[in-house]
Amino acid sequence: MPVTPNEDYWRRVRTRAKARQTDGCTGVPDVYVECCWEHDIHCDGYDINGEPINWAEAAYRFRKCLQSRSPFGVFSPVSWVYWAGVRWHGWRAGKD
């Protein structure tokens, strides 16, 4: 079950991303970089609370995070393009 993010949650994401040395949105503009940091953490197989998370759920949460920040909401072009990119990458890596 996804966490309802608050300031403490995002502080923990920033701290974990810094420790993990994530580069943010790899290969694309850092639009809503916090979502990219969170996704990078999820790609390790766990959410911010240490609960297991699979690749497909990580991609889904990434898209939802981007949509929650975009003025276009679920119609955000960035969310769909970035989601397709991480899903494609997951498919190519054999994670889907």
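Residues numbered from 1 in each chain as written. Predicted model: local features only at pLDDT ≥ 70, side-chain atom pairs only at ≥ 80, totals over all residues. Heavy atoms only, no water.

Caption draft 1: Structural detail: the state of the cysteines. Across all of its chains, the model carries two disulfides by this definition. The disulfide partner of Cys25 is Cys36, and the gap between their sulfur atoms is 1.8 Å. On the S-S bond that ties Cys25 to Cys36, the torsion sits near 90 degrees, and the link is right-handed. Of the two residues, Cys25 is situated in the loop between helix H1 (7-20) and helix H2 (33-42) and Cys36 in helix H2; the sequence distance between them amounts to eleven residues. We classify Cys36 as buried; its relative accessible area is 3%. Disulfide partner of Cys35: Cys65, at an S-S distance of 2.1 Å. Looking along the S-S bond of the Cys35-Cys65 disulfide, the torsion reads about -75 degrees, which is the left-handed sense. Placement of the pair is Cys35 in helix H2 and Cys65 in helix H3 (residues 55-69), with a sequence separation of 30 residues. Cys35 sits in the buried class, given a relative accessible area of 0%. (Disulfide = S-S within 2.5 Å. Helix = DSSP H or I, 4+ residues; strand = E, 2+ residues; numbered from the N terminus. Buried < 20%, exposed > 50% of the residue type's maximum accessible area, 1.4 Å probe, protein only.)

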